[in-house]
Amino acid sequence: MAISKGVMENIIDAHYFVLPSQGNVYSLTKLCMSKGGNKILAASLRRKVFSFEYSGDSDGFLNPTVKEVLFTYIPNGTEIISIDAFTRSQSSDDFVIGITIIKSSEHNTETYLNIYSEWEPSSEINLDSVAQNCLMIELDFIPYQLYHTEMYTSAEDESSKEVAWLLSGSDEKIHMFREDRENHCYSEVDVAEHFPELVEPPSIILWMDIHHCMAGARRISAFGCECGYVKLAVVDVTKKVVVSCWSARFEGPISTVRLFTEKSNLKPPSFLDVPQQEREEMSVHLLVTNTLQASVVYMNVLQQGLHEPFILPDSEHYDAVLCSATADVDMDGRNEVVLGTYGQEVLIYKYQECSPDKSGAWLLVSQRSFANPIHSILYLDVTGDGVREFVILTLRGVHILQHDPKDVSEVFNRRYKKLTDLLTTRES
């Protein structure tokens, strides 16, 4: 499906809800449910957290539901800085939710990382119950981005995988927190031992992203700093050694860094019996957005590092870029870059190759205006129908945008015909 200049015009409003106070670029996270129909958590600065989901009624219609979740240990006068969540198991909804808070008074400032979870494994999530089980960790710095990532003690042993919290701070460090399941607690550990690529940044890290490749044997880490510094590193997971490292410097603070593949990472259906050798490792790209200059994409960073930036044209013309996402907006199997700006615009870029030498460029192919600055963008299935929607957090509230059903039907029919033709050819 070729993308048109007005592709965002075919993304229609599905729902909108207002937040009682504004959030920020760290205020939106997702709960990826094991059976589909994902949920959203949106935090406002003044202590309130809301869940959003679609639920079916007796007549088979989907109804949007917004509910305040009353998390404990967020006292009066507290502001929420960041929120994140993950599940301990892909086969159940055993979620862990992290919220960082700050409470200022005339004499001192207190900051905490609150971690909420059911200490006993649960197959279904009960947010109200999770919100009552809190482990409160006092911090001696102001928290920024709260991020989770998988850790592998051994790349060959799947059971060695665990999820750890990474938290950037005003002390110009990344702090790492691991779970002690036997004692039902989390504790801070030395980040240098497990993530040597994240030590000694030149200033506060505003955004980090981590991508695993080569069947978990390699980890690609990227972070961007307040001073405009960007670092990219490739790490041998088993040896915990940095294999390759690059850096770049920009004029303004780095608002986001995002590692992604151009192609969607959907696995082919098992009945197609695609040979393993045909499932090639996809090239990994790095998106870097900042508040003063044009945003850029570094292509195939495992081979090229940070040597060849592709500028995203006009990305600096709508005030600061605050957030980003990658999404297959036109459903052609290839990811586009999506930017959200303080100038109230969502910008969509697509990579287009230029023959005959196959060198290409990222082109601005669509944009959409909103009534308020864009703080965060997610692209995931919240309706449970197998088609992803945009969840866009603005200064005032949360927009849910979905693909036009006519477009979805056309894509489905075309893919279904291609699949039946393929199966017919194989049988003959």
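Scroll up to find the structure this text is about.
What you see is a predicted model; the values in this text were computed from it and never measured.

Draft legend 1. Structural view of the nonpolar core. Grouped together as the largest cluster of nonpolar side chains are 23 residues, with contacts concentrated most on L232, F250, L286, V288, Y298 and L306. If you list the elements that add at least two residues to this core, you get β14 (205-213), β15 (218-225), β16 (229-236), β17 (241-249), β18 (254-261), β19 (284-290) and β20 (296-298). Residues contacting L286, with those up to four places away along its chain left out, are A222, V230, L232, V257, R258, L259, F260, V296, V297, Y298, V301 and L306.

Draft legend 2. Structural detail: the packing of aromatic side chains. Counted under the stated rule, the structure contains 11 aromatic pairs. Centroid distance F17 to F52: 5.7 Å. Interplanar angle 15 degrees. Geometry classified as stacked. Separated by 35 residues along the polypeptide, F17 in strand β1 (residues 11-18) and F52 in strand β4 (residues 49-56) bring together distant segments of the chain. Here F17 matches F52 in class, with each residue buried. Ring centres of F86 and W165 lie 5.0 Å apart, and the angle between their planes is 55 degrees; on these two criteria the pair is classed as tilted. Here the residue F86 occupies a position in strand β6 (residues 78-87), and W165 occupies one in strand β11 (residues 161-169), the gap between them amounting to 79 residues. Comparing F86 with W165, the two get one shared label, buried. Three or more aromatic residues link up through ring pairs in this structure, and these residues are F260, F310, Y351 and W362.

Draft legend 3. Up close: the pairing of strand β22 (residues 321-327). Across the seven residues of β22, six count as buried, placing the element largely inside the fold. In this structure, β22 lies alongside strand β23 (residues 336-341), joined through six bridges in antiparallel fashion. Bridge pairing in β23 places S324 opposite L339.

Draft legend 4. Expanded view of the pattern of salt bridges. Within the structure shown, the criterion is met by 15 salt bridges. For the salt bridge of D128 with K67, the shortest nitrogen-to-oxygen distance reads 2.7 Å. Here K67 lies in strand β5 (residues 62-69) and D128 lies in helix α1 (residues 127-130), a separation of 61 residues in the sequence. Under the relative-accessibility criterion, K67 is labelled partly exposed at 40%. Between R88 and E179 there is a salt bridge, with the nearest N and O atoms lying 3.1 Å from each other. With R88 in the loop between β6 and β7 (95-104) and E179 in strand β12 (residues 174-180), the pair connects residues that are 91 residues apart, well separated along the chain. Each member of the pair, R88 as well as E179, carries the same accessibility label: buried.

Cut-offs and rules
- Residues numbered from 1 in each chain as written.
- Predicted model: local features only at pLDDT ≥ 70, side-chain atom pairs only at ≥ 80, totals over all residues.
- Heavy atoms only, no water.
- Core = buried A, V, L, I, M, F, W, Y, C linked by side-chain atoms within 4.5 Å.
- Buried < 20%, exposed > 50% of the residue type's maximum accessible area, 1.4 Å probe, protein only.
- Helix = DSSP H or I, 4+ residues; strand = E, 2+ residues; numbered from the N terminus.
- Contact = heavy atoms within 4.5 Å.
- Phe/Tyr/Trp six-rings, centres within 6.5 Å; stacked < 30°, edge-to-face > 60°.
- Pairing = 2+ DSSP bridges.
- Salt bridge = Lys/Arg side-chain N within 4 Å of Asp/Glu carboxyl O.

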